[in-house]
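The primary structure of each chain is shown beneath.
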Amino acid sequence: MSLAFRFGAIAIAHESLLNIIPRLPAISIRIGETVSEAPASEIDPRLEELAEHLHNNDGEPPFMIDNGILRAVPKKKMSYRRHRTKLYAPGNKQVQPLHNIVRCSACGRVKRSHFMCMYCFAEIRTFLKGLKRENGIIKDAVDPQADIDPTDARILYPGKNISAHEHQLKKKDYVPKREEPLMFDKEKLMREKKKWYN
Amino acid sequence: MGNPLQHHFVKSVKLASSINKNLCANVIRHEYIVTTLPKAKAAQPIIESFLTKSLNQIKQSKQSKEAVEVEDIKEFKFLHTPDVEEIGSKIINELSSRYPTRKNGFTRLIRLERRLGDDKAPMAILELVDSEYEIKFWYTAKTVARLELQGLELDDITRVNVDTITSNRVEGETKFREAVELCKKEFFKYDQETGEVTDEEIKANLKNLPTNLEYYGGELTNTLLASKQYNTKERPAKETKVEIPPSPFLNQ
């Protein structure tokens, strides 16, 4: 009957569940016309579902209720002290805001002062690689079989089947990429708080 | 194991010195490299002293004979033996003509954002100054190109940067102008025939102007680098060049 105890308190409010629970003789006291009826609260859709289930299964509860399987829960209530030491004791756990954000003079995006703008650096580095390639400092390896007949190539190098996992690995999603920085806007910056000892 | 160049990790001096030698060879080979900040900081003075010593030696041996060879310069023994031939010939042929009067300050260190990997290591660029592939040269060229497309004059800091880059370079100013024109074409999609930026996104980006335009050719020029705390005066220009007599302790 533990189900009745668990859902009793809520289920009584639901009209459709009333016929499951043994009816008690109704006690009604009327004091004139001043007492108005309580506003009908919204019914939880899960309760309606449960009522339907009970109606279909001859009053037996669904498997997930009261089957003896316990779910993971904390063993004990975390004490007030432990709670506060975990959250607040080492004062530098929070991520601190940056106050040295400036506008990059070459692209207008945000950057940290005294640091190179990584967006510009990436652009310039790819450009310089092309420049080095033009000047012959970087030499690309020449493919000795570049002018091979396509049918010959298909016979000589038939290739191999790549599994879905290997195909996923070839995309190199696991390599972290830097996000493109936002455009600098002075109004969006967080102002540094004034120190009390100044 | 961590960074072997940090003091509490230096168990083997050989490893630390080997890293420095490799960094030295690769900076000269590639003109600029990207490493972690502690490695770059440790290697920078060693590269400086290596370059000053070897360039001095080259200058001395050029007085006695015309063609200097790699075997004549004993300072190259600092490098790992496989690198000596390539790096030594590059110093003799290219760097000695690039730095005819420079005595120190051959390298520059630029801080980068942290690495995106698990270790989040602070990174840095180590580069040779006055080279064609100098990062700071192209960054300032890009800045100047952006300001010109926006129709603004240079501010104080950019003017100083342009001066540091072009003053000691061979044909510095003409090379810098070419670089600015190339930057306009390369980074801002500027079409020289029509005189307009073709890309719509970049056009919108160029409307993002600096906050205080008075620094860019307005009333506040020449005030950014002056001290706000003290009323300093500019140092007067040198009138005559003073010749310092050669030291008697140097063997001629």
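Being a predicted model, the structure only gives us computed values, none of them experimental.

Caption draft 1: Seen up close, the overall build of chain A. Regarding its fold elements, chain A presents six helices and two strands. Mapped from its N terminus to its C terminus, chain A presents α and β elements in the order α-α-α-β-β-α-α-α. Per element, the accessible surface of chain A, about 18700 Å² overall, is 56% carbon and sulfur.

Caption draft 2: Summary view of the overall build of chain B. Within chain B one finds seven helices and five strands. Reading the secondary structure of chain B in the N-to-C direction produces α-β-α-α-β-β-α-α-α-β-β-α. The long-range fraction of contacts in chain B, counting pairs at least 24 apart against all pairs at least 6 apart in sequence, stands at 60%. Surface exposure of chain B reaches about 16100 Å², of which carbon and sulfur atoms provide 51%. Taking the average location of the 38 positive side-chain charges in chain B and that of its 39 negative ones, the two points are 8 Å from each other.

Caption draft 3: Here's a closer look at the confidence of the model for chain A. All names here are of chain A. Confidence in the prediction of chain A, expressed as mean pLDDT, is 81, and 79% of residues score 70 or more. Helix 1 (residues 2-11) is the least confidently modelled element of chain A, averaging 45 in pLDDT, while helix 4 (residues 118-134) averages 96, the highest of any element. When the criterion is pLDDT under 50, residues 1-13 qualifies, and its contacts beyond four places in sequence or with other chains add up to 12 contacts.

Caption draft 4: Broad picture of the interface of chain B and chain A. Counting residues at the interface gives 28 residues for chain B and 31 residues for chain A. Of all residues in chain B, B:Glu113, B:Tyr133 and B:Tyr139 give up the largest surface area on contact with chain A, accounting jointly for 25% of the area buried on that side. Applying the counting rule to chain B against chain A returns two salt bridges. Across the chain B-chain A interface, the total number found is 12 residue pairs in polar contact (both at pLDDT 80 or more). Elements with a contribution of two residues or more to the side of chain B that touches chain A: strand 1 (32-36), strand 2 (107-111), helix 4 (135-150) and helix 6 (172-187) of chain B. Of the residues forming the side of chain B that touches chain A, the biggest block, six residues, is contributed by helix 4 of chain B. Of the residues in the side of chain B that touches chain A, the class split is 15 nonpolar, five polar and eight charged.

Caption draft 5: The arrangement of the packing of aromatic side chains in detail. For the structure on display, the rule yields seven aromatic pairs over all chains. Between A:Phe127 and B:Trp138, the aromatic rings sit 4.9 Å apart at their centres with planes inclined by 70°, giving edge-to-face as the arrangement. Of this pair, A:Phe127 sits in helix 4 while B:Trp138 is found in helix 4, placing the two residues in two different chains. Residue A:Phe127 is classed as buried on the basis of its relative accessible area of 11%. Ring plane angle 50° and centroid distance 6.3 Å describe the contact between B:Phe50 and B:Phe76, whose orientation is recorded as tilted.

Caption draft 6: Seen up close, the side chain of B:Glu127. All names here are of chain B. Its location among the elements puts glutamate 127 in strand 3 (residues 123-128). Owing to a relative accessible area of 0%, glutamate 127 belongs among the buried residues under this scheme. From its side chain, glutamate 127 meets the backbone nitrogen of isoleucine 135 in a polar contact 2.7 Å long. Excluding anything up to four places from it in sequence, glutamate 127 contacts Glu31, Tyr32, Phe106, Thr107, Arg108, Ile110, Glu134, Ile135 and Lys136.

Caption draft 7: A look at the nonpolar core. In this structure, A:Met116, A:Leu128, B:Ile125, B:Ile135, B:Trp138 and B:Tyr139 are the most contacted members of the largest nonpolar core, which totals 36 residues. Those elements that place two or more of their residues in this core are helix 4 of chain A together with strand 3, helix 4, helix 5 (156-166), helix 6 and helix 7 (200-206) of chain B. Excluding residues within four positions of it along the chain, B:Trp138 makes contact with A:Ile124, A:Phe127, A:Leu128, A:Leu131, B:Glu132, B:Tyr133, B:Ala179, B:Leu182 and B:Cys183. Of all hydrophobic cores here, the second largest spans 31 residues; its members include B:Leu23, B:Ile33, B:Ile73 and B:Val129.

Caption draft 8: Examining a nonpolar patch on the surface more closely. There is a patch of nonpolar side chains on the surface, built from A:Phe63, A:Met64 and A:Ile69 and spanning about 380 Å² of accessible area. You can see A:Ile69 is positioned in the loop between helix 2 (45-56) and helix 3 (80-88).

Caption draft 9: Expanded view of the state of the cysteines. Within the structure shown, the criterion is met by zero disulfides over all chains. Between B:Cys183, a free cysteine, and A:Cys120, which holds the nearest cysteine sulfur, the sulfur-to-sulfur gap is 10.0 Å. The exposure class of B:Cys183 is buried, given its relative accessible area of 1%.

Definitions and cut-offs
Residues numbered from 1 in each chain as written. Chains lettered and ligands numbered in written order. Predicted model: local features only at pLDDT ≥ 70, side-chain atom pairs only at ≥ 80, totals over all residues. Heavy atoms only, no water. Helix = DSSP H or I, 4+ residues; strand = E, 2+ residues; numbered from the N terminus. Areas by Shrake-Rupley, 256 points an atom, 1.4 Å probe, with all protein chains shown as cover. Contact = heavy atoms within 4.5 Å. Lys, Arg positive; Asp, Glu negative; His and termini not counted. Charge placed at Lys NZ, Arg CZ, Asp CG, Glu CD. pLDDT = per-residue confidence, 0-100. Buried area = accessible area lost by both parts, 1.4 Å probe. Salt bridge = Lys/Arg side-chain N within 4 Å of Asp/Glu carboxyl O. Polar contact = N/O pair within 3.5 Å; in protein donor to acceptor, adjacent residues only side chain to side chain. Nonpolar A, V, L, I, M, F, W, Y, C, P; charged D, E, K, R; others polar. Phe/Tyr/Trp six-rings, centres within 6.5 Å; stacked < 30°, edge-to-face > 60°. Buried < 20%, exposed > 50% of the residue type's maximum accessible area, 1.4 Å probe, protein only. Core = buried A, V, L, I, M, F, W, Y, C linked by side-chain atoms within 4.5 Å. Patch = residues over 30% accessible without salt bridge, like charges linked within 9 Å, V, L, I, M, F, W, Y side chains within 5 Å. Disulfide = S-S within 2.5 Å.

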